[in-house]
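Understanding the architecture of this molecule
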Amino acid sequence: MTPLVIDRTSSGATRDRSWEQTSALSATRRNPVITAPLGWNIGHGAWTAVEADPFVDPWFQTDWTATARTEDSVPTHVPRDDDPRSESDEVRWLHEQSGLTWEQLGRLFGVSRRTVHLWANGSGMNATNREALYELVALVRSVQGETPGERRRSLLSPDSSGRSQLDTFRDRRLADEPINRPAAYAAEALDTTLDPAVRES
Amino acid sequence: MTATPGGGPGEAAGAPWLSQGDVFPAISHLPILTAEGVAEHTTPRGVVVITQTCDAIRAVVVAVCPVVQLTGSQVSLASSGRTPRYTPLPLLGEDMFAALDTVASIQTEILSIEDRIRGVGTLVEIREFARAIGRKYARFAFPDDVSAWFKPLRDLAQKRARQPTTAEGVTFGQVQEIRIRADSGWAEPPYDLTISFVMKEKVLPFGVADDDAFGDVRDALARYRSMTSSRLAEVLQAHEDPDDAFLLWSSFARALIERCRAEGPKNVISSYDVEVVDPSQYSLESYRRSEALDLYHLSGPTLAE
């Protein structure tokens, strides 16, 4: 499982913010959590963790210290030290820098465009959406492009399988099966392996 | 009430004359299995078929519920859908209902020799009857602690249902459905929720069409956040600015949920989003990943009379 990295340095301000995020996320998520301090080389090479979060259930803790990580394995949702921002700031930045509309952002999060706009104005987010926000911010930071329009094109460009980075992002959110399956009725009606009485009922 | 002759006896292939919502006034009791054995549940007003019509016409056995006559305030509460264990049978009278808590099976051969009348007539009544049965039996079983967490909202909804002309009552009445999505799954608490207030059609203003025209509303949000839900409802009912109305609605919904957070059990809900959505904007994806919170059906079952 990919570790969920909350903090990447031991610097005070960032770490304080990260502890809050860690607490919120640890309460709801089962990902292994590494807090700090980590190496400085995120994004540029190997890094290590030297301390696991003592507040996380030991069952979920993973000691990553002994394992050198490469750039590829580093989760991308790490807030930048030099640019501490609130969640609403992050949402505004995302809207301005990604080139995506409120409507598109809403679809990525599974909420209405108005809801994303309210997040940008300080209305609270739940922990899952907060986690997704940082992932998306990091994704936007990582794509090529000097302008929002260029970044938008990069985000929407399909790879060799025809899926864009935003498709992949959304796929993760939709990984669980929906609890209601109205569309399945149509599929069942077309399923010739089913008992005809079932199809016709 | 005009009796319709039933089909002939011994139709082994089913009962093509039978429909959901058919009432059999002369069937005066149903068998109920009790600790002492099979007992008779008296049904002096008869029974009504709840099996779906396309199943009933082929069935040898169908499910029926007692028909009951309600009195007093029970009639208005049940008619407005606020006591989901009862659903109206308008062709029998405005105080006549199907009592969905008690169900028994009857052979269609027996029904074929009984007088039959319709309990529902128009397409709307037929659909409403079917929907009420679905609501009763297909609703999602929220974890008990989640139901307890939403109790303050249920209490307020029921209080305002009795005061429909107050600003908060009017405002509450404009909410079509409250849908809950557990973003971290329902496997175990604490849960991470998205709570969507899906409004009735035409309640939310069309508002700003241009996506980029959304402005800075932090000051307005901060102002509304300091108000109670009843005060927000008063302001909302007197307001005309479309964008401001949306902020008021969002603040109203959040104030209601804040009440649950303050009064409900702790360590059940870890965090939540609250959104107010026009039905034209609520996606099928959101619908499939959420469950309706039935404010009038969160408490435990009760025995039908």
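Going by the structure above, here's the rest.
Read on for a plain summary of the structure. (Residues numbered from 1 in each chain as written. Chains lettered and ligands numbered in written order. Predicted model: local features only at pLDDT ≥ 70, side-chain atom pairs only at ≥ 80, totals over all residues.)

Many authors give the size of an interface as the accessible area that is lost as the parts come together. Facing the 29 residues of chain A at the interface are 30 residues of chain B. When residues of the side of chain A that touches chain B are traced back to their parent elements, those giving at least two are helix H1 (12-28), helix H3 (102-109), helix H4 (113-120) and helix H5 (127-142) of chain A. If one sorts the elements of the side of chain A that touches chain B by residue count, H4(A) sits on top with five residues. For the side of chain A that touches chain B, a count of residues per class yields 10 nonpolar, 14 polar and five charged. (Contact = placed C-beta atoms within 7 Å. Helix = DSSP H or I, 4+ residues; strand = E, 2+ residues; numbered from the N terminus. Nonpolar A, V, L, I, M, F, W, Y, C, P; charged D, E, K, R; others polar.)

Residues and elements named next belong to chain B. With 38 residues, the main nonpolar core has Phe197, Leu232, Leu248, Trp249, Phe252, Ala253 and Ile257 as its most contacted residues. For this core, the leading source of residues is helix H10 (residues 242-263), giving 10 residues. If near-sequence neighbours (up to four positions away) are discounted, Phe197 is found in contact with Val175, Ile178, Ala253, Val276 and Val277. In terms of nonpolar packing, the next biggest core, distinct from the first, is built from 30 residues, Leu18, Val49, Val62 and Leu89 among them. (Core = buried A, V, L, I, M, F, W, Y, C linked by C-beta atoms within 7 Å. Buried ≥ 20, exposed ≤ 12 C-beta atoms within 10 Å, placed from the backbone.)

Residues and elements named next belong to chain A. Mapping Trp119 onto the fold places it in helix H4. Between the C-alpha atom of Trp119 and that of Tyr134, which follows or precedes it by 15 residues, the distance is 13 Å. In contact with Trp119, other than residues within four places in its own chain, are Glu87, Ser88, Val91 and Met125.

This part covers the packing of helix H2 (residues 87-98) of chain A against H5(A). Residues and elements named next belong to chain A. As a packed pair, H2 and H5 sit with axes 10 Å apart at the nearest point and diverge in direction by 40 degrees. Relative to H5, the element H2 is oriented oblique. Every pair of crossing elements has a handedness; the one defined by H2 and H5 is left-handed. Contacts between H2 and H5 involve Glu87, Glu90, Val91, Trp93, Leu94, Gln97 and Ser98 from the former and Arg130, Leu133, Leu136, Val137 and Val140 from the latter. (Axes fitted to C-alpha atoms, helices over the stretch in contact; angles between N-to-C directions. Parallel < 35°, antiparallel > 145°, perpendicular 65-115°, else oblique. Left-handed = near helix turned anticlockwise from the far one by under 90°.)

Take the pairing of strand E3 (residues 37-42) of chain B next. Residues and elements named next belong to chain B. In terms of burial, E3 is largely open, as just zero of its six residues are buried. By the bridge criterion, six bridges tie strand E2 (residues 29-34) to E3 in an arrangement that is antiparallel. Bridge pairing in E3 places Leu30 opposite His41. Turn length for the E2-E3 hairpin, with the two strands adjacent in sequence and antiparallel, is two residues. (Pairing = 2+ DSSP bridges.)

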